Amino acid sequence: MANGASADQSQNHCSSINSSSPLMQGSLPTLTLSGKIRVTVTFVLFLLSTAFNATFLLKLQQWTQKKEKGKKLSRMNVLLKHLTLANLLETLIVMPLDGMWNITVQWYGGELLCKVLSYLKLFSMYAPAFMMVVISLDRSLAITRPLPVSNSKLEQSLIGMAWLLSSLFAGPQLYIFRMIHLADGSGQSDGFSQCVTHCSFPQWWHQAFYNFFTFSCLFIIPLLITLICNAKIIFTLTRVLHQDPHKLQLNQSKNNIPRARLRTLKMTVAFATSFTVCWTPYYVLGIWYWFDPEMLNRVSDPVNHFFFLFAFLNPCFDPLIYGYFSL
């Protein structure tokens, strides 16, 4: 469900667009009251998320300048920097695109922008999800198999892989998205235009497989990995706090967890919780739509918009989570 609601409603099989289509009968989509509220909230969240994430990046830059010459950011700060960049990318691409698309209802950007923005939209959704996985893996390894702070090869490899996979997995968007022009009630072929995946898949199950692959990579796999990593973190912390540190040495003192590391571990759990809570309603609605497209007629527009907007809270929450644990 990597497209806006207005685009989702237009993605049907080739055979489904015929003379009985509402578009052919002159019933074109319009911007409703709930849609206007969604647009307003979207741009408010856009401003908040941009301000929060940009401020955090500036603070990281200031910390870098204050450090002694030759020293680098800590592993966690490097990871947070890339997570913030991914969140900022999602904010600057997904939110304005969704807001403007809901205002115009149809697509006026042309074929090239249809493909490029569809690619950038999915790329900017993959990046924060994969970066969340990298942070969870890094913190899990830091507590179960501590590595020297200077050893950043694994960290850099995971970060590079997250950005690379984001760009590769979003690649099909350049092929499957295209503009279509539907006739209005008067029979004019330019009555309504939209950027959709219409007729891009030879068989219906091809699109079903692609949707499932995208859904798995955006949500299911990152969710499972973060849950497993955070379960290991919580289990290990519980064991250490119960004075059984013999199998795990987090620092020179066997009985104490360094306060800074404990704080970053709690922060990681909070990031994973925010990701899960914010995105679950959105993807549950997406799964329901894949199995039952008629659900759009049974779920009210305000509920649909609310679930979609709830996902936009995630890039807003991450900088706040960091700020809270840095106090």
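Residues numbered from 1 in each chain as written. Predicted model: local features only at pLDDT ≥ 70, side-chain atom pairs only at ≥ 80, totals over all residues. Heavy atoms only, no water.

## Some points on helix H11 (residues 313-325)
- The end-to-end C-alpha distance of H11 is 18 Å, a good match for the 18 Å that 13 residues give at a rise of 1.5 Å each.
- Inspection of H11 places Asn314, Pro315, Cys316, Asp318, Pro319, Ile321, Tyr322 and Phe325 among the buried residues, and these make up the whole buried set. (Helix = DSSP H or I, 4+ residues; strand = E, 2+ residues; numbered from the N terminus. Expected span 1.5 Å × (residues − 1). Buried < 20%, exposed > 50% of the residue type's maximum accessible area, 1.4 Å probe, protein only.)

## Some details on the state of the cysteines
- In the structure shown here, the tally under the stated rule is 1 disulfide.
- The disulfide that involves Cys114 links it to Cys195, with 2.0 Å between the sulfurs. Residues Cys114 and Cys195 are joined by a disulfide whose S-S torsion is about 80°; by sign, that bridge is right-handed. Of this pair, Cys114 sits in helix H4 (residues 110-144) while Cys195 sits in strand S2 (residues 192-196); the two residues are 81 residues apart in sequence, bridging distant segments of the chain. As far as burial versus exposure is concerned, Cys114 and Cys195 are alike and both buried.
- Distance from the sulfur of Cys278, which forms no disulfide, to the nearest cysteine sulfur (Cys316) is 8.7 Å.
- For Cys278, a relative accessible area of 1% gives the class buried. (Disulfide = S-S within 2.5 Å.)

## Looking at the environment of Leu265
- Here Leu265 shows up in helix H8 (residues 259-291).
- The buried category is assigned to Leu265, whose relative accessible area is 0%.
- Each C-alpha atom, one on Leu265 and one on Arg139, is 6.5 Å from the other, the two residues being 126 residues apart in sequence.
- Apart from residues no more than four positions distant in its own chain, Leu265 is found in contact with Arg139, Ile143, Ile233 and Leu237. (Contact = heavy atoms within 4.5 Å.)

## Observations concerning the pattern of salt bridges
- One pass over the structure, following the stated rule, counts 2 salt bridges.
- For Asp98, the salt bridge is made with Arg38, and the minimal N-O distance between the two is 2.5 Å. You can see Asp98 sitting in helix H3 (residues 75-104) and its partner Arg38 sitting in helix H2 (residues 33-66), a full 60 residues away along the chain. Like Arg38, Asp98 is buried. (Salt bridge = Lys/Arg side-chain N within 4 Å of Asp/Glu carboxyl O.)

## Comments concerning the UniProt feature "transmembrane region" (unreviewed entry) in the chain
- In the numbering used here, UniProt assigns the "transmembrane region" (unreviewed entry) feature to residues 37-58, 78-97, 117-137, 158-177, 208-229, 269-291 and 303-325.
- Secondary structure across residues 37-58 comprises 100% helix and 0% strand; the distance between its end C-alpha atoms is 32 Å. (UniProt positions renumbered as here; feature names shortened; annotations may be inferred.)

## Quick word on the packing of helix H10 (residues 301-311) against H11
- Two elements in contact, H10 and H11, have axes whose closest approach is 5 Å; the angle formed by their N-to-C orientations is 35°. Contact with H10, carried on its side by Leu309, Phe310 and Ala311, involves Leu313, Asn314 and Pro315 of H11 and no other residues of that element.
- Here the residues of the contact of H10 with H11 are counted per class, giving 5 nonpolar, 1 polar and no charged. (Axes fitted to C-alpha atoms, helices over the stretch in contact; angles between N-to-C directions. Nonpolar A, V, L, I, M, F, W, Y, C, P; charged D, E, K, R; others polar.)

## Describing the packing of aromatic side chains
- Enumeration according to the criterion identifies 21 aromatic pairs in this entry.
- When the centroid spacing of 6.0 Å and the interplanar angle of 80° are considered together, the rings of Phe130 and Phe169 count as edge-to-face. Here Phe130 is found in helix H4, whereas its partner Phe169 is found in helix H5 (residues 153-169), with 39 residues between them in sequence.
- Note on Phe130: relative accessible area 10%, which makes it buried.
- Classification of Phe169 as partly exposed rests on a relative accessible area of 23%.
- Sitting over the ring of Phe308, Arg38 keeps its end group 4.0 Å from the ring centre. (Phe/Tyr/Trp six-rings, centres within 6.5 Å; stacked < 30°, edge-to-face > 60°. Lys NZ or Arg CZ within 6 Å of the ring centre and 35° of its normal.)

## A word on the side chain of Asn314
- Looking at the secondary structure, you find Asn314 in helix H11.
- Residue class for Asn314 comes out buried when judged on its relative accessible area of 3%.
- Discounting chain neighbours no more than four positions away, the residues touching Asn314 are Ser274, Phe275, Cys278 and Trp279.

## Brief notes about the pairing of S2
- Summarising burial for S2: 5 of the 5 residues are buried, a large majority.
- Burial of the side chains of S2 extends over both faces: Phe192, Gln194 and Val196 are buried on one face and Ser193 and Cys195 on the other.
- One ladder, built from 5 bridges, connects strand S1 (residues 178-182) with S2; its direction is antiparallel. Residue pairing in the sheet places Ile180 in a bridge with Gln194 of S2. (Pairing = 2+ DSSP bridges.)

## Considering the confidence of the model for the chain
- For the chain, the mean per-residue pLDDT works out to 80, and 76% of the residues sit at or above 70.
- Across the chain, the element-wise mean pLDDT spans from 40 in helix H1 (residues 5-8) up to 94 in helix H6 (residues 173-176).
- In this model, residues 1-13 is a region of pLDDT below 50 whose contacts with residues beyond four sequence positions or in other chains number 41 contacts.
- Taken as a whole, residues 15-26 scores under 50 in pLDDT and shows 20 contacts with residues more than four places along the chain or in a different chain. (pLDDT = per-residue confidence, 0-100.)

## A word on H10
- Turning to H10, its buried residues are Asn304, His305, Phe308, Leu309 and Ala311. Down the axis of H10, the buried set is contained in an arc of 145°. They therefore lie on one face. (Arc of directions from axis to C-beta.)

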